[in-house]
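Examination of the molecular architecture
Below are the chains, spelled out letter by letter.
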Amino acid sequence: MDEQKEQLPAAEDALPPAENEEELPQENRIFGMRRRTFHLVVVGYALGIIAVSLLCIAKVLPEDTGTIFPGSIGAALGYFLAWQLDKRDAAQASDKTEQP
């Protein structure tokens, strides 16, 4: 049984790293995402749920309105914002390296 474990590749070795993603230490990642990306996704999800809850309190929406869809939209917006911020940071880093 131990011989079979030695022959199986590790989970990290099975998938190659993404080409456009630089290697970060594992402590800078949460659930495989960059720390800033994770935080913006969580904040976006929370803001989506808070927005729906406030609209239900104000009687704009019915009280039985679900929160999964607005939370998912907020999370997607948070992910998009993190992606744009990463692109901006990469562009600024490349500009700094090109300047003499």
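In this text, all values refer to a predicted model and were calculated from it rather than measured experimentally. (Residues numbered from 1 in each chain as written. Predicted model: local features only at pLDDT ≥ 70, side-chain atom pairs only at ≥ 80, totals over all residues. Heavy atoms only, no water.)

Inspection of the entire model under this criterion finds 5 salt bridges. Among the salt bridges present, the one from Arg34 reaches Asp86, with a minimum N-O distance of 3.8 Å. Highlighted residues: Arg34 in strand 2 (residues 33–34) and Asp86 in helix 4 (residues 68–98), separated in sequence by 52 residues. For Arg34, a relative accessible area of 22% puts it in the partly exposed group. A salt bridge links Asp89 to Arg36, with the nearest nitrogen and oxygen atoms 2.6 Å apart. Separated by 53 residues along the polypeptide, Asp89 in helix 4 and Arg36 in helix 3 (residues 35–57) bring together distant segments of the chain. Linked by salt bridges that have partners in common, Arg34, Arg36, Asp86, Arg88 and Asp89 make up one network. (Salt bridge = Lys/Arg side-chain N within 4 Å of Asp/Glu carboxyl O. Helix = DSSP H or I, 4+ residues; strand = E, 2+ residues; numbered from the N terminus. Buried < 20%, exposed > 50% of the residue type's maximum accessible area, 1.4 Å probe, protein only.)

So, about helix 3. Three- or four-residue spacings in an α-helix give side chains the same orientation, since the helix completes a turn every 3.6 residues. Here helix 3 is 23 residues long and its end C-alpha atoms lie 33 Å apart, about the 33 Å a rise of 1.5 Å per residue gives. Within helix 3, the full set of buried residues consists of Thr37, Phe38, Val41, Gly44, Gly48, Val52 and Cys56. Considering only its buried residues, helix 3 is in contact with strand 1 (29–30), strand 2 and helix 4. At the C-terminal side of helix 3, Lys59 shows a positive phi close to 65°. (Expected span 1.5 Å × (residues − 1). Contact = heavy atoms within 4.5 Å.)

Taken as a whole and assessed by the stated rule, the structure comprises 2 aromatic pairs. Residues Phe31 and Phe38 carry aromatic rings whose centres are separated by 5.7 Å and whose planes lie at 50° to one another, so their mutual orientation is tilted. With a centroid separation of 5.7 Å and 50° between ring planes, the pair formed by Phe80 and Trp83 is classed as tilted. Here Phe80 and its partner Trp83 are both found in helix 4, 3 residues apart, which amounts to about one turn of the helix. (Phe/Tyr/Trp six-rings, centres within 6.5 Å; stacked < 30°, edge-to-face > 60°.)

Tracing the sequence through the fold places Phe38 in helix 3. C-alpha of Phe38 to C-alpha of Ala75: the two residues are 37 residues apart in sequence and 9.4 Å apart in space. Apart from the residues within four sequence positions on either side, Phe38 is in contact with Ile30, Phe31 and Met33.

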